[in-house]
Amino acid sequence: MPTHAIQNSITDPNIQLSLDYPDIVMQGKNFVLSSVIKATVDQVSNITVTITCPELQIQQNSFHIDKLAKDSTLGNNFNATVKDRVPDGTFVANVEVDYFVKGFFDSQPIRHAVTQTTQFLVASKPSLSLNLQTPSNAFSGEPFSIKGTIINQGSSAHNLQLSAFSSEVQISGKKSVAITDLDAGKSTDFEFVVQTQKNVGDPVNAVIHVNGTYSDDNGKTYSIDNSFNVFVRQRGLLEIGDANGIWVGQFFIAPVVGVGTIVSSVIGFLIFLWHYKNKKKKRKTKKSSS
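Conventions adopted
Residue positions within a chain follow its written sequence, with the count starting from 1. Where local features are concerned, this predicted model is filtered to residues with pLDDT of at least 70; where side-chain atom pairs are given and counted, the filter is 80 or more; whole-chain, interface and lining totals use all residues. Side-chain measures were taken over the full set of non-hydrogen atoms in the model, leaving aside hydrogen atoms and water. In this text, helices come from DSSP runs of H or I with a minimum length of four residues, and strands from runs of E with a minimum of two, each type numbered from the N-terminal end. Between buried and exposed lies partly exposed: a residue is buried under 20% and exposed over 50% of the maximum accessible area for its type, with that area taken using a 1.4 Å probe on protein chains only. A contact between two residues is defined here by any heavy atoms of the two lying within 4.5 Å. Definition of a polar contact: a pair of N or O atoms within 3.5 Å, with one able to donate and the other able to accept a hydrogen when the atoms are protein atoms, and with sequence-neighbouring residues admitted only if both atoms are side-chain atoms. Confidence scores labelled pLDDT are given residue by residue by the predictor and lie between 0 and 100.

### Description of the environment of asparagine 14
Note that asparagine 14 resides in the loop between β1 (9–11) and β2 (15–20). Accessibility expressed as a relative area gives 13% for asparagine 14, which makes it buried. Residues asparagine 14 and alanine 39, 25 residues apart in the sequence, show an inter-C-alpha distance of 6.1 Å. Residues contacting asparagine 14, with those up to four places away along its chain left out, are Lys38, Ala39, Thr40, Val41, Val44, Tyr99, Val101 and His112. At 2.9 Å, the side chain of asparagine 14 forms a polar contact with the side chain of tyrosine 99.

### A closer look at the confidence of the model for the protein
On average, the protein scores 86 in pLDDT, and the residues at 70 or more come to 79%. pLDDT under 50 marks residues 1–5. Its contacts with residues more than four places away, or in other chains, come to 13 contacts. Low pLDDT, under 50, characterises residues 246–252; the predicted model gives this stretch 11 contacts beyond four residues in sequence or across chains.

### Thoughts on unusual backbone geometry
In the Ramachandran plot, glutamine 43 falls in the positive-phi region, its phi being about 65° despite a non-glycine side chain. Mapped onto the elements, glutamine 43 comes out in the loop between β3 (30–39) and β4 (44–52). Residue asparagine 46 is not a glycine yet carries a positive backbone phi of 50°. The class for asparagine 46 is partly exposed, based on a relative accessible area of 35%.

Structure follows, in structure tokens:
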């Protein structure tokens, strides 16, 4: 059968077929390929849906519908298994819909056939990636957040353990996470809230590592890791605000404000209000005297 554009649905002027199956399948494992067919016109009959693929063992690879009224649907589950010899990667299956439809001017129903392909991703082991959202700067001894997303692009992963550490600074707080299972094709978010020691001395550009281990269905262990840099310094005595800032050449500019600056601003604003009220009062006095 010819193959066409890879997609999970088939549509023509008379019928629609939608397919649903796991994002990732595994050699030797059973999975369900669900199909739902819908008639979009009247007089659709003798519908047959057939799936063929050398990489799949399907218990019954076709199903038949005698007649389907317009706008009605009917579903069927194909029980399939990926053959053991199939390598990791992608493969496609051919999906054919064969049916008859009788138009208003047709003396007999006319046969139609539509064929397309649908793609599968097969993986024999978990494949985890770790994305981090981190601050670029932090005050020593004060909490900051490390957020992350773990994505599994392989088979199911189990017993995932993650932790954060650094060789340049001491890390304390909520710096570890345990995840029992992460199914194939799924993702999960996590967050560490950590802090360094209070006294770091001179500012330090520290590397913080986030790494861990996970296992597959057979108990084999794999590792995962990522890292980021954070500029750590002590907060000044009269500084308030966030530690995040920017580098301009060799100079670091942090968006913190001194308490003295705030007090001076408040005093200046109060003096401004006092002068403003005095001016208004003098204007009223002049108007009343005139």
